[in-house]
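This is what each chain is made of:
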Amino acid sequence: MAQMHNNLSPAEGIWSLRRLPDMDEAQFSQWRTLLEHRTGITLSTERRSFLETNLGIRMREIGCSSYQAYYEKIVSGPDAIREWSTLVDRLTVQETRFFRDPDAFRLVSDYVLTRPREPLKKRPLEAWSVGCSTGEEPYTLAMVLNECMSQLALQPLFGVTGSDISKPVIDKARNGQFNPRKLLGMDEGMKSRYFRPAERNTVEIVNSIRDRVCFTRLNVLDLDKAPMHGMNIIFCQNLLIYFRRWRRREIVKRLAERLAPGGLLVLGQGELTDWQPPGLQRVPSEHVLAWIKRQTDEE
């Protein structure tokens, strides 16, 4: 590749092989403000290199040679909406796996198994995975709920919704196929019940679980427009860490509004400190950050 490059005239030089200049403070501030305004996500100064790297990869792909030119393309270019969507996908996709937080899923199981039986026979349990990425979390919730219903000898009346800001990860989640490494540490019995071999050395979710899970694209800044209401379980882990403290509280308030009385809200450890969400009662647990919505709302 270097030899080919040396044989080119300067006018024909492959710009994508050149190193982009470092992002200065003003440029970083401009990009950080745009990202926070549109998604609520806050990038600390320490994550400037993360932003530079991901912008640089995308800029090379489309032949854009400066941060400012790419910024203008994102903000006001003819293909701005599509390009912004592509960039957000690159900046927000997180690594995940099935049963990532075993303690949290055990709490969900205990919650379902100790609920009054009669309502479970009449109305489906509704669960929501917020910031679901490629689907491991909502599918795990569906497996947990299915195991609970079997243990209670009840019909599997439940549904799970997964939402994320990224369209590509939602599409991948709907596909339901995964690299076997996503199942590392998972109970062998669960693996055999809920997965089967698929093409290209992947595994796929069995239809009985896939049919219980649906996915939708949603920005958590638009929770006031979300159609989810009366949810029995809301799972929102490893998402709030990207937001400022005041916005975390706003998001949690919105999520609490969408819980049914007696509903369970599960967050990631350390994502919300020194604050008691109104209308919610903390679940006593050393390992899981969770609340139950009071039967009579006191907000």
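Since we're looking at a predicted model, the values are computed, not measured.

Moving on to the overall build of the protein chain. Across its full length, the protein chain carries 12 helices and 10 strands. If one aligns the C-alpha atoms of the protein chain with their principal axes, the spans along those axes are about 75 × 50 × 35 Å. When the 299 residues of the protein chain are sorted by exposure, 49% land in the buried category. Residue pairs at least 24 apart in sequence account for 70% of intrachain contacts in the protein chain once pairs closer than 6 positions are excluded.

You can see Asn 146 is positioned in helix α8 (residues 136–151). What makes Asn 146 buried here is its relative accessible area of 17%.

For the rest of this paragraph, the subject is the packing of aromatic side chains. Enumeration over the complete set of coordinates arrives at eight aromatic pairs. Measuring from ring centre to ring centre gives 5.4 Å for Trp 31 and Tyr 71, while their planes differ by 85 degrees; the resulting arrangement is edge-to-face. In this pair, Trp 31 sits in helix α2 (residues 25–39) while Tyr 71 sits in helix α4 (residues 67–76), placing the two residues 40 residues apart along the sequence. Overall, Trp 31 belongs to the buried group, its relative accessible area being 3%. Relative to Phe 195, the ring of Phe 98 lies with its centre 5.0 Å away and its plane at 80 degrees, an arrangement referred to as edge-to-face. In this pair, Phe 98 is assigned in the loop between α5 (80–92) and α6 (102–113) and Phe 195 in strand β4 (residues 195–197), connecting sequence segments 97 residues apart. The same class applies to Phe 98 and to Phe 195, which are both buried. Through a chain of ring-to-ring contacts, three or more aromatic side chains come together here, namely Phe 98, Tyr 139, Phe 178, Phe 195 and Phe 215.

On to the environment of Gln 68. Summarising the element assignment, Gln 68 is placed in helix α4. Between the C-alpha atom of Gln 68 and that of Ala 127, which follows or precedes it by 59 residues, the distance is 42 Å.

Each value, and the rule that gives it
Residues numbered from 1 in each chain as written. Predicted model: local features only at pLDDT ≥ 70, side-chain atom pairs only at ≥ 80, totals over all residues. Heavy atoms only, no water. Helix = DSSP H or I, 4+ residues; strand = E, 2+ residues; numbered from the N terminus. Buried < 20%, exposed > 50% of the residue type's maximum accessible area, 1.4 Å probe, protein only. Contact = heavy atoms within 4.5 Å. Phe/Tyr/Trp six-rings, centres within 6.5 Å; stacked < 30°, edge-to-face > 60°.

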